[in-house]
Amino acid sequence: MPGESLTHVAADDVVQPFQIDRADVRGRLVRLGAALDGVLSGHGYPDAVASLLGELVVVAVATAGAFKFQGMLSLQTSSDGAVPLMIAEYRAAPENEGPARLRGYARYDAAKVAAALRDGDPKQSAMERLLGKGSLAFTVESGPGADRYQGITALDGPTIVESVHAYFRQSDQLDAAIRVDVGRVARISNGTGSNSAWRAGGVLIQRMPSRAYPERDDEEWRRVLALVGSSGRLDLLDPKVTARDMLRHLFPEDDLRAYQPLQVEARCRCSRDRVDMVLRSFPASEIADMVVDGEVTVTCEFCNSHYRFSPKELNL
Ligand SMILES: [Zn+2]
């Protein structure tokens, strides 16, 4: 079996797969720095909204490897609150050459967000206050022309992670648990702009099919679950702690086998050609209605890129 002890562990914006042989557990440590900040900053999200979207992004990254696919995994919340829609998308690079690509988006009503945070039930979590009631959908596309898989679960519990756990419990194939921390940390400053940046850490563990010793495996699984769940022992966000040290702290008594790490980056897949194609699918009269100051401007919801077209370019 490939894999080796913890020798090559990349620093940041990385998914580090690992295995604990004794417990028949596989896992992935996710550490996001610039990749997460790239998804979250630039939209002016209130911190509570950015934090929820960050959680969704980490869950998407950590879960992607749990499905055997090389295409796209997206998580989408739809709900009745001040943040009615969030999307986090993980897309493998073509031929898996280069970093996997992340993008995400939250639709929100700033006034309602402020009111929910100010006046909401203090016993409720940020997710309960801001998202309200709704669902969480997993969509997996393994590649062009391949089957599309979709699973849906209710937004249930105080966090997105709790809803994902409920989904894992429903699923027969996936015995897994995940922990996520998202927050702002001071940016190592050498320029202008915000002096803090979004970071996130996450760890997902997945139980392998138990073989010869089901009872012992149960015990081992509970032991590893407890290690992952024990918060406060280590801040998954700390940029000074290497991924290697983080894994050693999380599982101090286990021999860990590390696999080839995978890099991720913030990268949208919008393009002028795609926007052009979408525009042309509208009737000419509707496009004509979009003309403002002599041009049609389309803004990508994910990355805030602006695409400008003259009426002539659109054959108006
Ligand atoms: Zn875009």
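Right above here is the structure, for reference.
Cut-off values and rules
Residues numbered from 1 in each chain as written. Predicted model: local features only at pLDDT ≥ 70, side-chain atom pairs only at ≥ 80, totals over all residues. Heavy atoms only, no water. Helix = DSSP H or I, 4+ residues; strand = E, 2+ residues; numbered from the N terminus. Buried < 20%, exposed > 50% of the residue type's maximum accessible area, 1.4 Å probe, protein only. Contact = heavy atoms within 4.5 Å. Donors = N, O, S within 2.8 Å, 3.2 Å for Na, K, Ca; no water. Tetrahedral: all angles 85-135°; square planar, octahedral: opposite > 155°, others 65-115°. Salt bridge = Lys/Arg side-chain N within 4 Å of Asp/Glu carboxyl O. Axes fitted to C-alpha atoms, helices over the stretch in contact; angles between N-to-C directions. Nonpolar A, V, L, I, M, F, W, Y, C, P; charged D, E, K, R; others polar. Pairing = 2+ DSSP bridges.

Colleague: Please clarify how the overall build of the protein chain should be interpreted in this entry.
Modeller: Counting its secondary structure elements, the protein chain contains 9 helices and 13 strands. Looking at the protein chain residue by residue over its 316 residues, the buried ones come to 45%. Across the protein chain, contacts joining residues at least 24 apart in sequence account for 63% of those joining residues at least 6 apart.

Colleague: Where do I start with the coordination of the zinc ion in this structure?
Modeller: Metal coordination angles have textbook ideals: 109.5 degrees for a tetrahedral set of four donors and 90 or 180 degrees for an octahedral set of six. Note on the zinc ion: its protein donors are C268 (SG), C270 (SG), C300 (SG) and C303 (SG). The metal-donor distances range over 2.3 Å. Because the angles between the 4 donor atoms bound to the zinc ion fall within 101 to 115°, the donor set is best described as tetrahedral. Coordination of the zinc ion draws on donor residues from a single chain, spaced C-x1-C-x29-C-x2-C in sequence.

Colleague: Looking at this structure, how should I read helix α5 (residues 160-170)?
Modeller: Because an α-helix completes one turn every 3.6 residues, residues spaced three or four positions apart along the sequence face the same direction. Most of α5 is tucked away: 8 of the 11 residues are buried. Among the residues of α5, those classed as buried are I160, V161, S163, V164, H165, A166, Y167 and F168.

Colleague: What should I look at first to understand the pattern of salt bridges in this one?
Modeller: Close approach of charged atoms allows side chains with opposite charge to pair. Inspection of the entire model under this criterion finds 21 salt bridges. As a salt-bridge pair, D175 and R207 come within 3.3 Å of each other at their nearest N and O atoms. One end of the pair, D175, is in the loop between α5 and β8 (176-186); the other, R207, is in strand β9 (residues 196-207), and 32 residues separate them in sequence. According to the relative accessible area criterion, D175 is partly exposed, its value standing at 34%.

Colleague: It is not clear to me how the packing of helix α2 (residues 47-64) against α5 should be interpreted in this structure. Could you clarify?
Modeller: For any two helices packed against each other, one specifies the crossing angle of their axes together with the interaxial distance. Remark: α2 packs on α5, axes separated minimally by 10 Å, with the N-to-C direction vectors making an angle of 35°. Two secondary-structure elements touch here, α2 through L52, E55, L56, V59 and T63 and α5 through I160, V161, V164 and F168. By residue class, the composition of the contact of α2 with α5 is 7 nonpolar, 1 polar and 1 charged.

Colleague: How should I be thinking about the pairing of strand β4 (residues 85-91) in this particular structure?
Modeller: Sheet faces and side chains relate simply in a regular strand, where the side chains alternate between the two faces. Burial of β4 is extensive: 6 of the 7 residues sit out of reach of the surface. As defined by bridge partners, strand β3 (residues 72-79) adjoins β4 across 7 bridges and the pair is classed as antiparallel. Its bridge partner lying in β4, S78 is registered against L85. Joining the antiparallel neighbours β3 and β4 is a turn of 5 residues.

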